[in-house]
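Survey of secondary and tertiary structure
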Amino acid sequence: MIKISNLNAKYGYVNALKGIDIVVKKGQIVTLLGANGAGKTTTLRCILGLLETYSGEILFKGENIIGKKVEDIVKGGIMSSPEGRNVFGSLSVKENLLAGAYTIKSKQQTLDNLNKVYEYFPILLERKNQMAGTLSGGEQQMLSIGRALMGSPEILLLDEPSLGLAPLIVRDIFRIIQEINKEGTTVLLVEQNAMQALKISDYAYVLETGKIVHEGNSKELIEDDKIKNAYLGGN
Amino acid sequence: MTIFLQNIISGLETGALYALAALGLVLIFRTSDVINFAQGDIAMFSTFFGYRVFEKYMSYPFAVILALLFAVGLGYILERLFLRKALKLGIINKIIITMGMLMVIQGLTVIFFGTEDYYLRKAIEMDNFNIAGVIIQPNALFIIFLTLGIVIIFNYLLKKTKFGIAIRTTAEDEETARLMGIPVGKVYSRSWMIATALGALAGILVAPKTQVSISMMLDIHLKSFIAAVVGGFSSFFGPVAGGFLIGVADNLVGYYWSLDWKTAIVYGILLITLIIKPAGIFGKVVRKKV
């Protein structure tokens, strides 16, 4: 679904990505692991067209999307939940979700998606008229993922969905990500919470200072000693 | 009591014009982070254009419609030509661009329309009527209700339409709005088009009082800034309320307190209000995420 080849990106004079290659196949959950500043978020920003100084090739469904406008990339079927969630705080929960469906032309489709999101996250239905800014961190994360689903994405990019959330809520969210994936949405997941992410994903890449230093099937990476020591807290 | 009501009505009339202009100002600011110092002069230029059309074809509605369309076109061109490229620049740079636009427009006004003042008729030219001693000008009522109507329509647009959601999300967090597939460029240009039309409408409506002249929008332009700041730049309707408030306060203080001290008193009170509520009466403190 997505094939990234030799992707380079710069922030000013800093090389944030130094020629990375990533493949996400249809139906998979693929995880990008790595410490802060490794280039995980930068990779997502490149896919979404938010970065200007980058080179290489990003094929989405066979078409190079480098240099395309964000809105066209999004319309093509890539929706995302950004780091820090970024819900629209002054809009109600429902309005946030409708914003996610901006690219959907059909009213019926929007309504279907809305019901689907409420099924995944019943708490959002309960709070649909509440201002999004007043939600708890976990609820905002759910809203952010739900908002991305509103656009009927073929692939969902999730940037640190577990950031700052209580373990129980993290477990919930990862379970729902798995469900979403089972119903046909491909997922590219960026995480620092390596153990959880590896458990639900099919394939994983490990980024270090802008380069891919490991990759492999998630199940194998969980067992890998090097990965264990570096990202899974030893043992 | 009659005099009090009389003052309220004429305050609402001028306040409505401040409100229209302030709504345009805040719409542009909230969506594209530009404080448009040329707003008043764009309105003046469009009113001149409207006046010329009126002079030639002698049809007031036709002139008004053409002037509004002219303003819409002007808003679109100015945004695309001068501000879109400056998107990533700081707010000061954008302010200076709009000041440059202001000077160019003033220069063009002299070239195209000369330096003379012209009289443009009122929208409603019916005779005044009298309700229990209060003299009512139909034109004033028209202005007040037209403004209220526009505010209601604008509110509906913001709350109930897709375009409204696009405006509000862009205003709050542009990058995340783009991630929803919202074409923020279109939101900018349409905001400018709506804002310049609102300004032109204020210009046409105030013209019978000020004449169509190069300085016709000075008062409204200044007051619309004050209305926006006092009402709160962070909300869409604070500035509207601010506009009406200033209009009414000006009249009441002028009549009951002191005509000479009116300006000092009204704006003194507003300054104190801002010390107590720095974000404006209806504003919230917004932290814009970077």
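The rules behind the values
Residues numbered from 1 in each chain as written. Chains lettered and ligands numbered in written order. Predicted model: local features only at pLDDT ≥ 70, side-chain atom pairs only at ≥ 80, totals over all residues. Heavy atoms only, no water. Buried < 20%, exposed > 50% of the residue type's maximum accessible area, 1.4 Å probe, protein only. Helix = DSSP H or I, 4+ residues; strand = E, 2+ residues; numbered from the N terminus. Pairing = 2+ DSSP bridges. Salt bridge = Lys/Arg side-chain N within 4 Å of Asp/Glu carboxyl O. Axes fitted to C-alpha atoms, helices over the stretch in contact; angles between N-to-C directions. Parallel < 35°, antiparallel > 145°, perpendicular 65-115°, else oblique. Left-handed = near helix turned anticlockwise from the far one by under 90°. Contact = heavy atoms within 4.5 Å. Nonpolar A, V, L, I, M, F, W, Y, C, P; charged D, E, K, R; others polar. 1 Å grid on protein atoms, 1.4 Å probe; cavity = no way out; pocket = protein on both sides within 12 Å on 5 of 7 lines; lining within 4 Å. Points joined across faces, edges and corners; volume = space filled by probe spheres on them. Phe/Tyr/Trp six-rings, centres within 6.5 Å; stacked < 30°, edge-to-face > 60°. Buried area = accessible area lost by both parts, 1.4 Å probe. Polar contact = N/O pair within 3.5 Å; in protein donor to acceptor, adjacent residues only side chain to side chain. Domains from an automatic or database assignment. pLDDT = per-residue confidence, 0-100.

Residue and element names in this part refer to chain A. The element strand β3 (residues 29-34) is extensively covered by neighbouring structure, given that 6 of its 6 residues are classed as buried. Side chains of β3 alternate between two faces, with Ile29, Thr31 and Leu33 and Val30, Leu32 and Gly34 buried alike. With 5 bridges joining them, β3 and strand β8 (residues 186-191) adopt parallel strand pairing. Counterpart to Thr31 in the pairing with β8 is Leu189. With 5 bridges connecting them, β3 and strand β9 (residues 203-208) associate as parallel partners. Note that in β9 the partner of Thr31 across the bridge is Ala204.

Side chains that differ in sign of charge can pair as their charged atoms come close. Residues and elements named next belong to chain A. Following the criterion strictly, the structure yields 17 salt bridges over all chains and no others. Linking Glu139 and Arg127 is a salt bridge whose minimum nitrogen-to-oxygen distance equals 3.4 Å. With Glu139 in helix α6 (residues 137-149) and Arg127 in the loop between α5 (122-126) and α6, this pair connects stretches of sequence that are 12 residues apart. In the salt-bridge network here, residues are joined through shared partners; they are Lys116, Glu119 and Glu183.

Before going further, it helps to spend a moment on the packing of helix α3 (residues 60-83) of chain B against helix α8 (residues 184-210) of chain B. Residues and elements named next belong to chain B. Between α3 and α8, the shortest axis-to-axis distance is 8 Å and the interhelical angle comes to 140°. Overall, the two elements α3 and α8 adopt an arrangement that is oblique. Judged by the sense of rotation from one axis to the other, the crossing of α3 with α8 is right-handed. For the pair formed by α3 and α8, the contact residues are Tyr60, Val64, Ala67, Leu68, Ala71, Val72, Gly75, Tyr76, Glu79 and Leu83 on the first element and Tyr188, Ser189, Trp192, Met193, Thr196, Ala197, Ala200, Leu201 and Ile204 on the second. When the residues that make up the contact of α3 with α8 are grouped by side-chain class, the tally is 15 nonpolar, 3 polar and 1 charged.

Time to look at empty space enclosed by the protein. All names here are of chain B. Here the structure, examined in full by the defined rule, presents 2 cavities of 30 Å³ or more. The space that makes up the largest cavity amounts to roughly 40 Å³. Looking at the largest cavity, the residues that line it are Ser32, Val34, Glu79, Leu83, Leu87, Lys94, Tyr188 and Trp192. Counting residues per element, the ones that place at least two in the lining of the largest cavity are α3 and α8. Broken down by class, the residue content of the lining of the largest cavity amounts to 5 nonpolar, 1 polar and 2 charged. One number sums up the size of the second largest cavity: a volume of about 30 Å³. In terms of lining, the second largest cavity is formed by Gly50, Tyr51, Phe54, Tyr60, Ala63, Val64, Ala67, Leu120 and Ile204. The biggest single contributor to the lining of the second largest cavity is α3, with 4 residues.

Residue and element names in this part refer to chain B. Throughout the structure, instances matching the rule amount to 17 aromatic pairs over all chains. With centroids separated by 4.8 Å and ring planes inclined at 25°, the aromatic side chains of Tyr51 and Tyr118 adopt a geometry described as stacked. Linking Tyr51 in helix α2 (residues 39-57) with Tyr118 in the loop between α4 (91-113) and β1 (129-131), this pair joins segments that are 67 residues apart in sequence. The residues Tyr51 and Tyr118 share a single accessibility class, namely buried. Ring centres of Phe54 and Tyr60 lie 6.1 Å apart, and the angle between their planes is 85°; on these two criteria the pair is classed as edge-to-face. When sorted by exposure, Phe54 lands in the same class as Tyr60, which is buried.

Further remarks concern the interface of chain B and chain A. Listed by partner, the interface residues are 19 residues for chain B and 26 residues for chain A. When the area that chain B buries against chain A is broken down by residue, the three leading residues are Lys162, Leu179 and Met180 of chain B, summing to 31%. Counting across the chain B and chain A interface gives 3 salt bridges. Of the charged contacts in the structure, one is a salt bridge between Glu95 of chain A and Arg168 of chain B, with a shortest N-O distance of 2.9 Å. Remark: the boundary between chain B and chain A carries 8 residue pairs in polar contact (both at pLDDT 80 or more). Mapped by element, the contributors of at least two residues to the side of chain B that touches chain A are α6 (162-172) and α7 (174-179) of chain B. Among the elements that make up the side of chain B that touches chain A, the one with the highest residue count is α6 of chain B (6 residues).

Okay, the domain arrangement of chain A next. All names here are of chain A. When its domains are assigned, chain A resolves into domain 1 (1-77 + 155-235) and domain 2 (86-152). Contacts between the two partners involve 13 residues from domain 1, matched on the other side by 11 residues from domain 2. Around 1100 Å² of area is buried between domain 1 and domain 2 when both sides are counted, 77% of it from carbon and sulfur atoms. On the domain 1 side of the contact with domain 2, Ile173, Ile176 and Ile180 bury the most area, a combined 35% of that side's loss. Counting every contact that joins domain 1 to domain 2 gives 1 salt bridge. The shortest N-O distance in the salt bridge between Glu183 and Lys116 comes to 2.9 Å. At the junction of domain 1 and domain 2, the tally comes to 2 residue pairs in polar contact (both at pLDDT 80 or more).

Let us now look at the confidence of the model for chain B. Per-residue pLDDT for chain B has a mean of 92; in total, 98% of the residues score no lower than 70. Scored as a complex, the prediction yields pTM 0.90 and ipTM 0.93.

Residues and elements named next belong to chain A. Reading across from one edge, β6-β7-β8-β3-β9-β10 is the order of the 6 strands in this open sheet, with mixed pairing throughout. The open sheet terminates on both sides in strands that have one partner only, identified here as β6 (78-81) and β10 (211-217). Strand-to-strand twist of the sheet, defined as the mean angle between neighbouring strand axes without regard to direction, takes the value 15°. Where helix α1 (residues 40-48) meets the sheet, it contacts β3, β6, β7 (155-159), β8 and β9, and its direction lies at approximately 145° from that of β7.

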